[in-house]
Amino acid sequence: MIPAAFEYYTPRSVNEAVALLDQHGDDAKILAGGHSLLPALRLRLSSVGHLIDIGRIADLAYIKEDQGTLCIGARTSHYQVESSSVVRQKCPLLAECAGNIGDVQVRNRGTLGGSLAHADPAADYPAAILALDAEIQAVSSGGKRTIKAEDFFVDMLTTALRAGEIITEVRITPSAAKTGSAYLKVPQPASGFAVVGVAAVVTLDASGKCAAVRVGVTGAAAKAFRAKDTEAALTGKVPDEKTLTQAAAQSTNGVDANGDIFASAEYRTHLVAVYTKRALAKAVERAKG
Ligand SMILES: Cc1cc2nc3c(=O)[nH]c(=O)nc-3n(C[C@H](O)[C@H](O)[C@H](O)COP(=O)(O)OP(=O)(O)OC[C@H]3O[C@@H](n4cnc5c(N)ncnc54)[C@H](O)[C@@H]3O)c2cc1C
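Residue positions are given per chain, counting from 1 as you read along its sequence in written order. Per-residue local features of the predicted model are confined to residues with pLDDT of at least 70, and side-chain atom pairs are confined, for both listing and counting, to 80 or more; whole-chain, interface and lining totals are unaffected and use all residues. Think of the side-chain values as coming from all heavy atoms in the structure, minus any hydrogens and water.

Points about the overall build of the chain
Applicable threshold: Only runs of H or I of at least four residues qualify as helices and only runs of E of at least two qualify as strands under DSSP, and these elements are numbered from the N terminus. The size measure is the radius of gyration over C-alpha atoms, and the globule rule it meets is 2.2 Å times the number of residues to the 0.38 power. Burial classification: accessible surface area is computed with a 1.4 Å probe over protein chains only, and a residue below 20% of its type maximum counts as buried, one above 50% as exposed, and the rest as partly exposed. Only the protein chains shown count as covering a residue, and every accessible area follows the Shrake-Rupley method with a 1.4 Å probe. The charge count treats Lys and Arg as positive and Asp and Glu as negative. His and the chain ends do not count. A charge is said to be at NZ when it belongs to Lys, at CZ for Arg, at CG for Asp and at CD for Glu.
Looking only at helices and strands, the chain features 12 helices and 14 strands. Against the compact-globule benchmark of 19 Å for 289 residues, the chain has a radius of gyration of 19 Å, which places it among compact chains. Projected onto its principal axes, the C-alpha positions of the chain cover 60 × 45 × 30 Å. Residue burial in the chain is summarised as follows: out of 289 residues, 48% are buried. Carbon and sulfur atoms form 50% of the exposed surface of the chain, whose accessible area is close to 13300 Å². Side-chain charges in the chain split into 31 positive and 30 negative, and the spacing between the mean points of these groups amounts to 5 Å.

Overview of the site of the ligand
Cut-off, in case you're wondering: Nearness of a residue to a molecule or strand requires only that one of the residue's heavy atoms be within 4 Å of it. What qualifies as a polar contact is a pair of N or O atoms within 3.5 Å, subject to a donor-acceptor requirement within protein and to the restriction that residues adjacent in sequence count only when both atoms come from side chains.
The ligand sits among 30 residues. The nearest are Ile-30, Gly-34, Ser-36, Thr-111 and Asp-124. Between an oxygen atom of the ligand and a main-chain N or O atom of Leu-37, the distance comes to 2.8 Å. In the complex, 89% of the free accessible area of the ligand, which totals 980 Å², lies under the protein chains. Those elements that provide at least two residues to the shell around the ligand are β2 (28–31), α7 (112–118) and β10 (166–172). Looking at the shell around the ligand, the element that brings in the most residues is α7, giving 4 residues.

Regarding the pairing of strand β12 (residues 194–204)
Heads up, the condition is: Pairing between strands requires that DSSP locate at least two bridges from one strand to the other.
Within β12, 11 of the 11 residues are buried, which leaves the element mostly enclosed by the surrounding structure. The pairing of strand β11 (residues 179–187) with β12 spans 9 bridges and is classified as antiparallel. Bridge pairing in β12 places Val-186 opposite Val-196. Taken together, β11 and the strand that follows it, β12, pair antiparallel across an intervening segment of 6 residues, in which Gly-192 is found at a positive phi of about 90°. Here β12 pairs with strand β13 (residues 210–218) via 8 bridges, running antiparallel. When the sheet's bridge partners are listed, Gly-197 is paired in β13 with Thr-218. Linking β12 to β13, which pair antiparallel, is a turn of 5 residues; within it Gly-208 sits at a positive phi near 90°.

Observations concerning the environment of Pro-239
Definition in use: When checking whether two residues touch, look at their non-hydrogen atoms; a contact exists if any pair is within 4.5 Å.
As for its position among the elements, Pro-239 is in the loop between α10 (228–234) and α11 (241–248). Setting aside residues up to four positions removed in sequence, Pro-239 forms contacts with Leu-204, Gly-208, Cys-210, Leu-244 and Val-284.

Quick look at the pattern of salt bridges
Filter applied, for reference: Salt bridge criterion: a side-chain nitrogen from Lys or Arg within 4 Å of a carboxyl oxygen from Asp or Glu.
Enumeration according to the criterion identifies 13 salt bridges in this entry. For Glu-96, the salt bridge goes to Arg-286, with nearest N and O atoms at 3.0 Å. Of this pair, Glu-96 sits in helix α5 (residues 92–98) while Arg-286 is found in helix α12 (residues 265–288), placing the two residues 190 residues apart along the sequence. A relative accessible area of 37% means that Arg-286 is categorised as partly exposed. As a salt-bridge pair, Arg-171 and Glu-169 come within 2.7 Å of each other at their nearest N and O atoms. The buried category is assigned to Arg-171, whose relative accessible area is 18%.

Examining the sheet that holds strand β7 (residues 143–148)
Basically, it comes down to this: As a rule, the C-alpha atoms of each element are fitted with a line to give its axis, helices using only the stretch in contact, and angles between N-to-C directions run from 0 to 180 degrees.
Here 5 strands make up an open sheet; going across it, the order is β4-β5-β10-β6-β7 and the pairing antiparallel. Taken across any chain shown, the strands that pair with only one partner, and hence form the sheet edges, are β4 (63–66) and β7. Within the sheet, the average angular offset between the axes of one strand and its neighbour, ignoring direction, is 30°. Where helix α1 (residues 14–24) meets the sheet, its contacts fall on β6 (135–140) and β10, and the angle it forms with β10 comes to roughly 130°.

What about the state of the cysteines?
Operational definition: Note on terminology: pairs of cysteine sulfur atoms within 2.5 Å are recorded as disulfides.
Counted by the stated rule, this structure contains 0 disulfides. No disulfide involves Cys-71; its nearest neighbouring cysteine sulfur is the one of Cys-91, lying 12 Å away. Classification of Cys-71 as buried rests on a relative accessible area of 1%. We note that Cys-97 lacks a disulfide partner, and the nearest cysteine sulfur, in Cys-91, lies 9.6 Å from it. Relative accessible area serves as the criterion here: at 0%, Cys-97 is assigned to the buried category.

Details of the side chain of Thr-252
Turning to its location among the elements, Thr-252 is positioned in the loop between α11 and α12. The exposure class of Thr-252 is buried, given its relative accessible area of 13%. Among residues more than four places away in sequence, those in contact with Thr-252 are Phe-225, Thr-269 and Val-272.

Following this line, the structure appears as structure tokens:
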């Protein structure tokens, strides 16, 4: 199908893009990689009068460090995240997660900001962004705002972004010593989207106990979530086989799991527990070095 007609803009700065958003309000949308928005427009699941393409805003695509904090511009592609030596060294979980997205074409066009703003319940990044306790920076004509990952994902395809806001940057604080991480997923065979995906970050103390644990889960419910009961069950404990199994079994406590043609709610719940245990075990192994 052909999308409904729209006006197309190519701003060269964030300020210009924000001004266009203000000018056209609900009838405008940001276009980044277009991997989610363009199919929706073509299938007429969505229509918009004004499309603001941020693809030519050079200073939205970067990976840099700011006093130890890893800063990634919203327009940075999944491939750039996956292949960046800085990301691999400072935040291997994000590079591992990016490398698990779709196929090489998807990773070349899809962007970090686009994936987060779209908040697809089966997208990979949200699990890692939650487990990393990252911050998302958004800019509007009213100024800059920082949103914690935990507050960002509100519901299916719904985020805490306000009208007129553009994601500009994702910020990740450096991990403590003796921290390991892992992202594991069950991919949907055609698209690669996560049937379930689990990101785990574990910090060990000098005695080998878990000093800090964060687990982000995607694919299982309407939105990505932190497995808080699992984190609590493991914190302060030696992560042996039995403790990991018991902690992972609590990963979907209080969660209303999705069921669809790829996996029933019951099977997804089972998969999350299995993949949570595996991701935690791998993170622990990596933390030990
Ligand atoms: C065949 C296929 C397979 C895929 N497989 C996977 C997969 O395995 N895992 C996975 O996680 N993803 C997958 N994706 C999704 C893809 O990786 C992109 O992340 C996703 O399409 C959104 O990024 P985008 O840059 O293309 O955003 P767009 O499609 O351009 O935009 C998506 C939405 O975000 C908004 N938006 C974009 N950028 C910003 C911004 N900076 N600020 C505010 N709003 C913004 C847009 O207005 C729109 O509403 C797949 C896509 C395709 C087509």
